[in-house]
Amino acid sequence: MEPKYDFAAIEKRWQQTWQNSGIYNVTELSNKPKYYMLEMFPYPSGKLHMGHVRNYSIGDVLARYYKMNGFNVLHPMGWDAFGLPAENAAIKHGVHPDPWTRENITAMREQLKTMGISYDWQREVGSCLPEYYHWTQWLFLQLYKMGLAYKKKAAVNWCSSCGTVLANEQVIEGHCERCHTQVEKKYLEQWFLKITAYAQRLLDDLSKLPGWPDKVKIMQENWIGRSEGAHIEFSTEAGDALPVFTTRHDTVYGVTYMVLAPEHPLVAKLTHGTEFEETVRIFVDKVTKLSAIERTSAALEKEGMFIGAYAINPVNRHRIPIWITNYVLYEYGTGAVMGVPGHDQRDFDFAKKYGHKIVPVVAAPGWDGSDLTEAYEGYEGKAINSPLIEGLNTPQAKERMADYLEEQGLGRRVINYRLRDWLISRQRYWGAPIPIVYCEKCGAQPVPEEELPVLLPTDVEFNPQGESPLKTSASFAKAICPLCGGPAKREMDTMDTFVCSSWYFLRFCDPKNENQPFSRNKTDYWMPVDQYVGGVEHAILHLMYARFFTKALFDADLLSCDEPFTNLLTQGMVLKDGAKMSKSLGNVVSPEDIITCYGADTARLFILFAAPPERDLEWNDTAVEGCYRFLNRVWRLVWQIKARKDLDVPVSEFVEADIELRRAAHSAVKKITEDISSRFNFNTAISAIMELVNTMYAYTALPLTKGALLAEATKLLLLCLAPFAPHIAEELWSELGNKQSIHMQPWPVFDPSALAQHTVEIAIQVNGKIKARLLIPATADAAIIQKLVLEHEDYEVWLNGKTAAKVIVIPGRLVNIVVKS
RNA sequence: GCGGGAGUGGCGGAAUGGCAGACGCACCAGCCUUAGGAGCUGGCGGGAAACCGUGGGGGUUCGAGUCCCUUCUCCCGCACCA
């Protein structure tokens with residue numbers, strides 16, 4: 001009788017053993033090829049959730065698989081530890097964010113360790129630790145030196161009742177989440193990173209990433225939002241420049257009005273002292289008070305107002321009225337749009353509502369010249385009512401018009417991006433301080449590198465009354481100007497946590513370096529990350545910022561690669577009852593409970609078995625039990641085999657059952673290898689392991705079984721199981737008398753000769769409908785198969801009186817007899 | 001609206017254009033057991049059968065869950081980008 005499968009003891013013991021022997025710790029000193037396996041590091045909320053379990057289980061299968069395949073695998077873990085929840089906890093419970101975060105890290109590290117993931121814990125990093133944010137600040141200074149960090153005014157969400165800036169997450173339907181006051185916009189000087197300088201490269205280099213899902217690349221492409229068009233230099237009647245951006249410069253003769261964003265500086269200037277001033281001001285106030293979410297909602301009724309001024313169309317000198325509206329974005333293009341109601345549906349609707357003329361300037365194919373009932377936005381038409389480009393088709397008309405604008409100095413071709421510069425200032429405490437000081441005489445000055453890190457002060461107040469907690473520190477603000485030595489004030493803003501997470505994968509290469517963020521030869525060795533795994537929710541921001549950082553550091557000659565992640569796997573969500581697990585829905589399943597109840601191996605196995613990684617996964621408690629039962633089944637099987645006395649007895653004669661057992665074992669190895677390496681189909685890999693176990697049980701039940709064959713099958717079984725359920729595989733491996741860890745073994749190679757079959761079953765079809773199945777020799781070629789079928793005693797029955805016109809033979813699969821009807 | 005993905009048994013899901021439903025869950029029957037929320041064996045899309053079955057309708061093909069067109073539903077992302 002075998003011992004009970006005591007997963008708790010087994011898992012704890014092996015986790016300890018692995019840790020003590022350091023089998024997952026790596027260095028650059030290796031003759032193996034490197035493999036950098038990375039999962040997105042978590043925010044240390046203090047509690048592991050199922051999304052983490054899924055993310056890290058997927059990563060661990062791959063890390064262990066590549067390790068067994070002879071790679072020097074870097075598989076690190078750390079903490080994305082700055083951010084709002086720590087500060088909220090400080091306000092709510094009066095605990096300082098620093099110990100709060102450190103305690104969470106400790107708790108989560110312990111939970112993570114119970115999962116038995118093959119991390120090199122010696123490389124652990126935490127973005128909130130001075131030894132880490134020292135280098136976040138240093139990198140900021142490099143970007144500053146490169147002209148990629150700059151300051152300008154930008155809007156923040158402001159709660160006048162709390163007297164504080166709110167993050168977007170703290171704004172609920174336009175109101176402060178804490179006191180429900182309507183949130184206002186306030187303009188503050190803030191730091192930006194010039195990611196737009198990299199827009200084109202970020203776009204172009206997506207083509208260098210065949211290992212990324214198309215979905216993510218398309219999302220990034222749309223986010224960058226490149227569009228080609230022209231600037232056209234309209235002006236006001238009074239002579240102010242009023243340029244517009246358009247992608248349809250071929251329709252410039254159809255402009256019948258001009259619309260400006262409410263924030264456009266000309267609005268105040270043009271209405272100043274006129275009868276329109278007051279009503280326009282009220283309109284502008286109303287629109288600009290809306291939050292970004294309300295402002296850009298499609299449900300928002302399009303409204304506008306004439307501001308009493310006129311613009312001149314530079315191409316035909318027509319005088320057109322200038323309006324303001326709530327749908328023109330000040331941040332995009334020039335904040336002014338030429339209204340062409342004939343060929344833009346929004347303009348058409350606006351013109352209908354406010355009575356602007358509609359002048360068609362592109363004749364759609366088949367258009368009879370009657371009044372338009374909607375805008376024609378297509379590119380198939382010919383220009384009309386447009387003297388310079390009359391009769392040209394749209395692409396030609398655009399070219400001709402662009403040439404004309406450039407020749408006459410009335411405009412030029414431009415490329416516009418939707419991508420905006422990255423606002424990194426946070427009016428918050430729990431982030432990396434921005435290493436800048438302000439001198440009355442010398443202005444903004446970077447903190448000298450040797451003075452880094454600029455440490456977060458501890459003498460701060462956390463209450464929602466007033467401004468950033470940093471401003472309550474008595475000591476923090478005081479600084480000395482590095483240029484003139486005079487008194488200076490520190491920057492009070494901290495950095496967006498996305499800055500910290502934009503380079504952590506570089507720090508993992510050299511986590512203990514006290515003189516640099518990372519050494520060049522270490523990143524040269526490890527980078528780029530070979531496989532990155534994480535939630536698709538990071539498809540845009542995190543991945544875009546990390547790519548931007550990598551490119552900027554490449555340009556600064558600090559890195560040799562300009563893309564950080566070669567392959568990307570985006571995992572689906574973990575659902576319960578069809579919805580994302582969340583506290584508010586009360587459908588959260590705690591990983592801790594599952595691990596306590598069934599063990600980490602069961603938890604890992606279930607989460608990998610229930611769905612392929614990219615898809616959403618429906619949690620199912622009884623299916624978890626099924627995985628637990630399966631591991632018990634493996635446990636009993638191996639113990640049963642271990643008890644045999646004939647494991648070393650050589651096999652001289654193979655009967656059919658023996659051959660089938662070997663085929664099952666070797667074909668399982670083949671399938672599992674393919675499923676892991678080329679498709680990430682861990683669910684089908686696991687089902688192949690289950691099938692092998694079923695076959696092995698069936699074999700052991702037969703008379704005259706051979707121990708040596710079972711020993712071979714067991715070895716292959718455990719090796720294949722090792723990446724998925726590492727503890728039980730290790731335990732059974734050691735029970736079989738192996739001295740070295742199973743995780744140090746080479747990945748098994750299947751024996752092609754074991755896959756050979758004597759006979760195969762083929763299907764007999766008539767016009768694609770199955771009529772029979774036939775067992776035939778595997779060696780039979782198409783001609784022999786056809787002969788066998790045509791001469792088969794049931795041949796006439798299959799044809800049912802019809803005549804065969806053609807016979808299709810697919811050896812090993814089927815024969816399809818085509819008959820006339 | 002635009003972009004992406006997905007629709008297959010009671011459920012999760014399998015199927016390089018070639019035998020639909022692997023594997024597992026649930027369920028049913030039997031065995032074993034003092035007992036079973038353990039283990040073992042078998043069954044398990046519909047239909048009496050012929051046959052019919054992969055959201056609906058067309059098409060390509062000897063052959064379609066898979067490819068093409070069209071349509072519906074759901075999920076995700078972006079959402080007035082001039």
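Bear in mind that the values here come from a model prediction, so they are computed numbers and not experimental data. (Residues numbered from 1 in each chain as written. Chains lettered and ligands numbered in written order. Predicted model: local features only at pLDDT ≥ 70, side-chain atom pairs only at ≥ 80, totals over all residues. Heavy atoms only, no water.)

Trainee: In this structure, what is going on with the pattern of salt bridges? I would like to understand it.
Mentor: When the charged atoms of two side chains with opposite charge come close together, those side chains can pair. Going through the model one piece at a time under the given rule, you end up with 45 salt bridges. Arg-520 serves as the salt-bridge partner of Asp-524, at 3.5 Å between the closest nitrogen and oxygen. Taken together, the residues Asp-524 and Arg-520, both in helix H15 (residues 520-526) and four residues apart, mark about one turn of the helix. The class of Asp-524 is partly exposed, set by a relative accessible area of 38%. As a salt-bridge pair, Arg-520 and Asp-557 come within 3.4 Å of each other at their nearest N and O atoms. With Arg-520 in helix H15 and Asp-557 in the loop between helix H16 (541-555) and strand E27 (565-571), this residue pair connects regions lying 37 residues apart in the sequence. Classification of Asp-557 by relative accessible area gives exposed; the value is 54%. (Salt bridge = Lys/Arg side-chain N within 4 Å of Asp/Glu carboxyl O. Helix = DSSP H or I, 4+ residues; strand = E, 2+ residues; numbered from the N terminus. Buried < 20%, exposed > 50% of the residue type's maximum accessible area, 1.4 Å probe, protein only.)

Trainee: Which parts of the structure should I look at to understand the nonpolar core?
Mentor: Side chains of a nonpolar character, in soluble globular proteins, are inclined to be buried together. One finds Tyr-36, Phe-140, Phe-505, Trp-619, Ile-672, Ile-676 and Phe-724 to be the most contacted residues of the largest nonpolar core, which totals 179 residues. If sequence neighbours within four positions are ignored, Phe-505 has contacts with Tyr-36, Leu-38, Met-527, Val-529, Ala-546, Thr-550, Pro-564 and Phe-565. One finds Ile-232, Met-338, Val-340 and Ile-389 within the second-largest nonpolar core, a separate group that totals 38 residues. (Core = buried A, V, L, I, M, F, W, Y, C linked by side-chain atoms within 4.5 Å. Contact = heavy atoms within 4.5 Å.)

Trainee: Explain empty space enclosed by the protein to me, please; I cannot follow it from the model alone.
Mentor: One simple way to see leftover space: roll a probe sized like a water molecule over the atoms. Applying the stated criterion to the full structure yields two cavities of 30 Å³ or more. The computed volume of the second largest cavity comes to approximately 30 Å³. What lines the second largest cavity is Arg-54, Ile-58, Ile-607, Leu-608, Ala-611, Pro-613 and Phe-682. Broken down by secondary-structure element, the contributors of at least two residues to the lining of the second largest cavity are helix H2 (50-68) and helix H18 (600-609). For the lining of the second largest cavity, the residue count by class is six nonpolar, no polar and one charged. (1 Å grid on protein atoms, 1.4 Å probe; cavity = no way out; pocket = protein on both sides within 12 Å on 5 of 7 lines; lining within 4 Å. Points joined across faces, edges and corners; volume = space filled by probe spheres on them. Nonpolar A, V, L, I, M, F, W, Y, C, P; charged D, E, K, R; others polar.)

Trainee: Hey, could you run me through the protein's contact with RNA strand B in this one?
Mentor: In the vicinity of RNA strand B, 53 residues are found, and the nearest of them are Thr-246, Lys-302, Arg-346, Arg-773 and Arg-813. Sugar and phosphate atoms represent 64% of those atoms of RNA strand B found within 4 Å of the protein. The separation between a phosphate oxygen of RNA strand B and a polar side-chain atom of Ser-227 is 2.9 Å. Counting residues per element, the ones that place at least two in the surface near RNA strand B are helix H7 (214-224), strand E11 (241-246), helix H19 (621-642), helix H21 (682-700), strand E31 (759-766), strand E32 (769-777), strand E33 (804-810) and strand E34 (814-819). Within the surface near RNA strand B, the residues separate by chemical class into 21 nonpolar, 15 polar and 17 charged. (Near = heavy atom within 4 Å. Polar contact = N/O pair within 3.5 Å; in protein donor to acceptor, adjacent residues only side chain to side chain.)

Trainee: It is not clear to me how the packing of helix H20 (residues 656-679) against H21 should be interpreted in this structure. Could you clarify?
Mentor: A pair of packed helices is captured by two measures, namely the crossing angle of their axes and the spacing between those axes. Running from N to C, H20 and H21 cross one another at 170°; their axes reach a closest spacing of 8 Å. By the criterion of interaxial angle, the relationship of H20 to H21 is roughly antiparallel. Seen from H20, the contacting residues are Ala-657, Asp-658, Leu-661, Ala-664, Ala-665, Ala-668, Lys-671, Ile-672, Asp-675, Ile-676 and Arg-679; seen from H21, they are Phe-682, Thr-684, Ala-685, Ala-688, Ile-689, Leu-692, Thr-695, Met-696 and Tyr-699. Residue classes in the contact of H20 with H21 are distributed as 14 nonpolar, two polar and four charged. (Axes fitted to C-alpha atoms, helices over the stretch in contact; angles between N-to-C directions. Parallel < 35°, antiparallel > 145°, perpendicular 65-115°, else oblique.)

Trainee: Can you walk me through the environment of Lys-671 in this structure?
Mentor: Turning to its location among the elements, Lys-671 is positioned in helix H20. Between the alpha carbons of Lys-671 and Ala-230 there is a distance of 55 Å; along the sequence they are 441 residues apart. Sequence-distant contacts of Lys-671, defined by excluding residues within four places in its chain, comprise Arg-679, Thr-684 and Ala-688.

Trainee: What exactly am I supposed to notice about the pairing of E32 here?
Mentor: Each regular strand shows side chains that alternate between the opposite faces of the sheet. Bridge analysis of E31 against E32 gives eight bridges, and the strand direction is antiparallel. When the bridges of E32 are listed, Ile-764 appears paired with Ala-772. Counted along the chain from E31 to the antiparallel partner E32, the turn is two residues long, and its residue Asn-767 has a positive phi close to 50°. (Pairing = 2+ DSSP bridges.)

Trainee: Would you take a moment to explain the sheet that holds strand E6 (residues 164-166) for this structure?
Mentor: Either a parallel or an antiparallel arrangement is found when strands of a sheet pair, and the pairing is made through backbone hydrogen bonds. One open sheet accounts for four strands, arranged E6-E5-E9-E19; its pairing is antiparallel. Only two strands of the sheet have a single neighbouring strand rather than two, namely E6 and strand E19 (422-423). Direction of pairing for strand E5 (residues 149-159) relative to strand E9 (residues 184-193): antiparallel, over a ladder of 10 bridges. Bridging across to E9, Ala-155 finds its partner in Tyr-187.

Trainee: Hey, could you run me through the side chain of Arg-507 in this one?
Mentor: For Arg-507, the location among the structural elements is in helix H14 (residues 504-507). Look at Arg-507: it is buried, it has no salt bridge, and the nearest opposite charge is Asp-510 at 6.1 Å. A polar side-chain atom of Arg-507 sits 3.0 Å from the main-chain carbonyl oxygen of Pro-511. For Arg-507, the side chain forms a polar contact with the main-chain oxygen of Gln-516, separated by 3.1 Å. Excluding residues within four positions of it along the chain, Arg-507 makes contact with Val-125, Glu-131, Tyr-132, Trp-135, Lys-512, Asn-513, Gln-516 and Pro-517. (Lys, Arg positive; Asp, Glu negative; His and termini not counted.)

Trainee: Sorry, what's going on with the packing of H18 against H21 here?
Mentor: Running from amino to carboxyl end, H18 crosses H21 at an angle of 115°, the nearest separation of the two axes being 7 Å. Of the residues in H21, those touching H18 at Leu-605, Leu-608 and Phe-609 are Phe-682, Asn-683, Ile-686, Ser-687 and Met-690. Residue composition of the contact of H18 with H21, by class: six nonpolar, two polar and no charged.

Trainee: Looking at this model, I keep getting lost on the confidence of the model for chain A. Mind explaining?
Mentor: One rule of thumb: low pLDDT means the predicted coordinates there are not for detailed reading. For chain A, per-residue confidence averages 92 on the pLDDT scale, and 98% of positions sit at 70 or higher. At the level of chain-chain contacts, confidence expressed as ipTM amounts to 0.95, with global pTM at 0.94. (pLDDT = per-residue confidence, 0-100.)

Trainee: Even after reading the chapter, I still don't get H7, so can you show me in this structure?
Mentor: By the burial criterion, the buried members of H7 are Val-216, Lys-217, Gln-220 and Ile-224. Down the axis, H7 shows its buried residues gathered within 100° of arc, on one side only. Tucked into the core, H7 has its buried residues touching helix H6 (199-204), H16 and E27. With its phi angle positive at about 55°, Gly-225 sits one or two positions after the end of H7. (Arc of directions from axis to C-beta.)

Trainee: When you look at the pairing of E31 in this model, what are you seeing that I'm missing?
Mentor: Counted residue by residue, E31 has six buried out of eight residues, so it is predominantly covered. In the sheet, E31 pairs with E34 via four bridges, with the strands oriented parallel. In the strand pairing of E34, Ile-764 is matched with Val-815.

Trainee: Honestly, H16 in this entry has me stumped. Any pointers?
Mentor: Since there are 3.6 residues in each turn of an α-helix, residues three or four apart along the chain are aligned in direction. Here H16 contains 15 residues, and its C-alpha end-to-end distance of 21 Å stays within 8% of the 21 Å for a straight helix at 1.5 Å per residue. With 12 of 15 residues buried, H16 lies mostly within the body of the structure. Along H16, the residues classified as buried are His-542, Leu-543, Met-544, Tyr-545, Ala-546, Arg-547, Phe-548, Phe-549, Thr-550, Lys-551, Ala-552 and Leu-553. Once H16 ends, the next one or two residues include Asp-557, with phi positive near 60°. (Expected span 1.5 Å × (residues − 1).)

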